[in-house]
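# Summary of structural features
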Amino acid sequence: MAKPPKNAISPTRSEDYPEWYQQVIKGADLAENSDVRGCMVIKPWGYAIWENMQRRLDDMFKATGHENAYFPLFIPMSFLEKEAEHVEGFAKECAVVTHHRLVDNGQGGLMPDPSAKLEEPLIVRPTSETIIGATFARWVQSYRDLPILINQWANVVRWELRTRMFLRTAEFLWQEGHTVHATAEEAQAETMAILKLYADFAENTMAMPVIQGRKTAGERFPGAVDTLSIEAMMQDRKALQAGTSHFLGQNFAKAQEIKFQSESGELVHAWTTSWGVSTRLIGGLLMTHADDDGLVLPPKLAPAHVVILPIYKNDDQRGDVIAYCESLKAELESEHYDGAPVRVKLDDRDLRGGEKKWQWVKRGVPIRIEVGPRDIAEGKVAFSRRDLGGKPEFLERAGVVKEIAKTLETIQQTLFDRAVKLRDEATVEINSLEEFEKFFAADAPGGLAYCHFVDGPEMEAKLKKLKVTARCIPIDGDAESGECIFTGAASERRGVFARAY
RNA sequence: CGGGCUGUAGCUCAGCUUGGUAGAGCGCUGCGUUCGGGACGCAGAGGUCGAAGGUUCAAAUCCUUUCAGCCCGACCA
């Protein structure tokens, strides 16, 4: 009789981090690889987390005046050609549709019908700036039509050569916001407001601390004048770009003729922005909070806040235990957390207790409550917090119910505080290239390095050798005179450098 | 697109060197024993061995071709 392993997930983070990541996804039943290379199936538990993210973000977008709409999956190939940098950024990873009919290939299979070739190939959207821009060009005539504040929830396809579930897949789900403004200032303000919104969401809903910053030229979105991003640090000390907000200037407006007549009667090009977050956030959520027993979910995103596990030996006990659990569930559900009833799952499947418990541990449910005949007799429950681990506490039933919202908030806060601490411990200021190379040596743990720098090819070359990237220039960083560690030139601000996903 | 590797049960894989009735573990189904903890026993279902061609009395095994996938590199707003 083999003893169960000490941890639910094998290997552990320290043994093999990438493999641990895969196993957490599997253990939590979030997703699996599909029959299509590079594309994944998001399973109900994983999709429920995404739905919770969507709901919250959607409310935030609406509250700031944005409206949802939907644009086509297909984009005429010629649209992509209009913005030079944009082409360069995406052309290499586009799925292309060339035919509209299949015929028998004469060998018992199918092939595209040569007589059904499209006059102009369509590409599957890798992002929608071009087709939305073309649409906006029709919508905008007058300064009175502005601003236009649109968001769409959609799937996009980028034909990636190397994929990792949630972090980089050929198809992924996201939201893309697209706005049009009369002035550069207004568009820049929008870009910044969305960055703040994303940071708010990451920190207060996902409990994932982020750095808000501006991208260097090399990391900018193709076609953007300015790219802002939120950057999070994962438990392996690598950075993850968790959301981007782009000030597109007049680049797309000019490429696509988005023009309007101003108050003074002149015909001028509009200013546009775009911004997005994707299912990649689930990967970030996982790598921020999960441990060697699997996923750990912040209560605000958990599909279930509490799972109740009945424990009984026979059918006689079963009836009593289930009844007690049902009433406990109802009581908990009458409590509110985060503006909605507490989400409770009663797992009465006919499975062994141990196996059942570990399934929920691996799925990351914030609170587990086990109820057996002994607890019923004493008016107690066996109460376990996922973020703490260890043995259950036997608590008074009434107290648990009364405190449930407060407990959930405590868990949410604990996860955030823990993540901040981990990040801060891995953060350093570095003032010389020598120190920098040591910090990012192959066998060093790495982390986030704040350094003076001057953007340019010399820096890019040195970074590439170390497999390090400039993550961003923090927007709340204080101006401070210094010397670029790569070139020695004068610098006014520090940037954040890290290895990244 | 270079370099390496793998295709056998739902999953992970053994068998191939030396050709001779298709295997294991997990999972699944049933029955029983267990049960405050990731159980155990017994019985069972499940595979044209990636595909095509060749050698042979005989091919999962040898040869040729082909398809698919994985890893390393290159690439990756």
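Residues numbered from 1 in each chain as written. Chains lettered and ligands numbered in written order. Predicted model: local features only at pLDDT ≥ 70, side-chain atom pairs only at ≥ 80, totals over all residues. Heavy atoms only, no water.

A word on the sheet that holds strand 5 (residues 96-99). Across the sheet, which stays open at both edges, the 3 strands sit in the order 4-8-5 with antiparallel pairing between neighbours. With one partner strand each, in any of the chains shown, strand 4 (74-76) and strand 5 form the two edges of the open sheet. Averaged over all pairs of adjacent strands, the angle between strand axes in this sheet comes to 40°, irrespective of strand direction. (Pairing = 2+ DSSP bridges. Helix = DSSP H or I, 4+ residues; strand = E, 2+ residues; numbered from the N terminus. Axes fitted to C-alpha atoms, helices over the stretch in contact; angles between N-to-C directions.)

What follows concerns the sheet that holds strand 23 (residues 393-396). Spatially, the 5 strands line up as an open sheet ordered 20-17-21-22-23, and their pairing is mixed. Each edge of the sheet is formed by a strand with only one pairing partner; in this case those strands are strand 20 (344-346) and strand 23. For this sheet, the mean angle separating the axes of adjacent strands, direction not counted, is 30°. Note that strand 17 (residues 306-310) and strand 20 share 3 bridges and pair parallel. Pairing of Val306 across the sheet is with Val344, part of strand 20. Sheet contacts for helix 9 (residues 315-333): strand 17, strand 20, strand 21 (367-371) and strand 22 (380-385); angle to strand 17, the most-contacted strand, approximately 170°. Lying on the sheet, helix 12 (residues 397-425) is in contact with strand 17, strand 21, strand 22 and strand 23; it crosses strand 22 at an angle near 0°. (Contact = heavy atoms within 4.5 Å.)

To describe two helices that pack against each other, one gives the angle between their axes and the distance between the axes. It is the contact of helix 2 (residues 44-63) with helix 8 (residues 280-289), at a shortest axis distance of 10 Å, that shows an interaxial angle of 105°. With respect to their mutual orientation, helix 2 and helix 8 come out roughly perpendicular. Only Leu281, Ile282 and Leu285 of helix 8 make contact with helix 2, whose side of the interface consists of Gly46, Ile49, Trp50 and Met53. Its residues assigned to classes, the contact of helix 2 with helix 8 shows 6 nonpolar, 1 polar and no charged. (Parallel < 35°, antiparallel > 145°, perpendicular 65-115°, else oblique. Nonpolar A, V, L, I, M, F, W, Y, C, P; charged D, E, K, R; others polar.)

Around RNA strand B, the surrounding shell holds 32 residues, and the nearest of these are Arg37, Arg158, Arg220, Ile311 and Glu370. When the atoms of RNA strand B within 4 Å of the protein are sorted by group, sugar and phosphate make up 39%. Between RNA strand B and Phe221, the relevant distance is 2.9 Å, taken from a sugar or linking oxygen to a main-chain nitrogen or oxygen of the residue. Separating a base nitrogen of RNA strand B from a side-chain N or O atom of Trp358 is a distance of 3.2 Å. At the level of secondary structure, the elements contributing two or more residues to the surface near RNA strand B comprise helix 10 (353-363) and helix 11 (373-378). The element contributing the most residues to the surface near RNA strand B is helix 10, with 4 residues. Here the surface near RNA strand B is built from residues that sort into 13 nonpolar, 3 polar and 16 charged. (Near = heavy atom within 4 Å. Polar contact = N/O pair within 3.5 Å; in protein donor to acceptor, adjacent residues only side chain to side chain.)

Our next topic: the environment of Thr12. Among the secondary structure elements, Thr12 is positioned in the segment before helix 1 (17-27). Owing to a relative accessible area of 11%, Thr12 belongs among the buried residues under this scheme. Considered as a pair, Thr12 and Phe247 are 235 residues apart in the sequence and their alpha carbons are 41 Å apart. Those residues in contact with Thr12 that sit more than four places away from it in its chain are Asn7, Trp20 and Asp292. (Buried < 20%, exposed > 50% of the residue type's maximum accessible area, 1.4 Å probe, protein only.)

Here we take up the environment of Ile282. Summarising the element assignment, Ile282 is placed in helix 8. For the pair formed by Ile282 and Met206, sequence separation is 76 residues and the distance between their alpha carbons is 9.4 Å. Filtering out sequence-adjacent residues up to four positions away, Ile282 remains in contact with Leu30, Gly46, Ile49, Trp50, Met53 and Phe166.

A word on the pattern of salt bridges. The tally for this structure, following the rule as stated, stands at 24 salt bridges. The partner of Glu231 in a salt bridge is Lys215, with the nearest N and O atoms 2.6 Å apart. Of this pair, Glu231 sits in strand 12 (residues 226-233) while Lys215 sits in the loop between strand 11 (210-214) and strand 12, and the two are 16 residues apart along the sequence. Each member of the pair, Glu231 together with Lys215, is buried. (Salt bridge = Lys/Arg side-chain N within 4 Å of Asp/Glu carboxyl O.)

Volume-wise, the largest pocket comes out at about 1,400 Å³. In this structure, the largest pocket is lined by 41 residues; those nearest its centre are Glu93, Arg158, Glu160, Arg168 and Gln241. Partitioning the lining of the largest pocket into residue classes produces 14 nonpolar, 14 polar and 13 charged. (1 Å grid on protein atoms, 1.4 Å probe; cavity = no way out; pocket = protein on both sides within 12 Å on 5 of 7 lines; lining within 4 Å. Points joined across faces, edges and corners; volume = space filled by probe spheres on them.)

Following the sequence through the fold, Glu93 ends up in the loop between helix 4 (84-90) and strand 5. Setting aside anything within four residues of it in sequence, one finds Glu93 in contact with Val157, Arg158, Trp159 and Glu160.

Turning to the packing of aromatic side chains, a few remarks are in order. Note on aromatic pairs: each is described by the distance of the centres and the angle between the planes. All chains considered together, the criterion is met by 17 aromatic pairs. With centroids separated by 5.9 Å and ring planes inclined at 80°, the aromatic side chains of Trp50 and Trp153 adopt a geometry described as edge-to-face. With Trp50 in helix 2 and Trp153 in strand 9 (residues 148-157), the pair connects residues that are 103 residues apart, well separated along the chain. You can call Trp50 buried: its relative accessible area is 1%. The buried category is assigned to Trp153, whose relative accessible area is 18%. The lysine or arginine in question, Lys238, covers the ring of Tyr501, its NZ or CZ lying 4.4 Å from the ring centre. A cation over a ring is seen here: Arg397 above Tyr324, with NZ or CZ 4.5 Å from the ring centre. (Phe/Tyr/Trp six-rings, centres within 6.5 Å; stacked < 30°, edge-to-face > 60°. Lys NZ or Arg CZ within 6 Å of the ring centre and 35° of its normal.)

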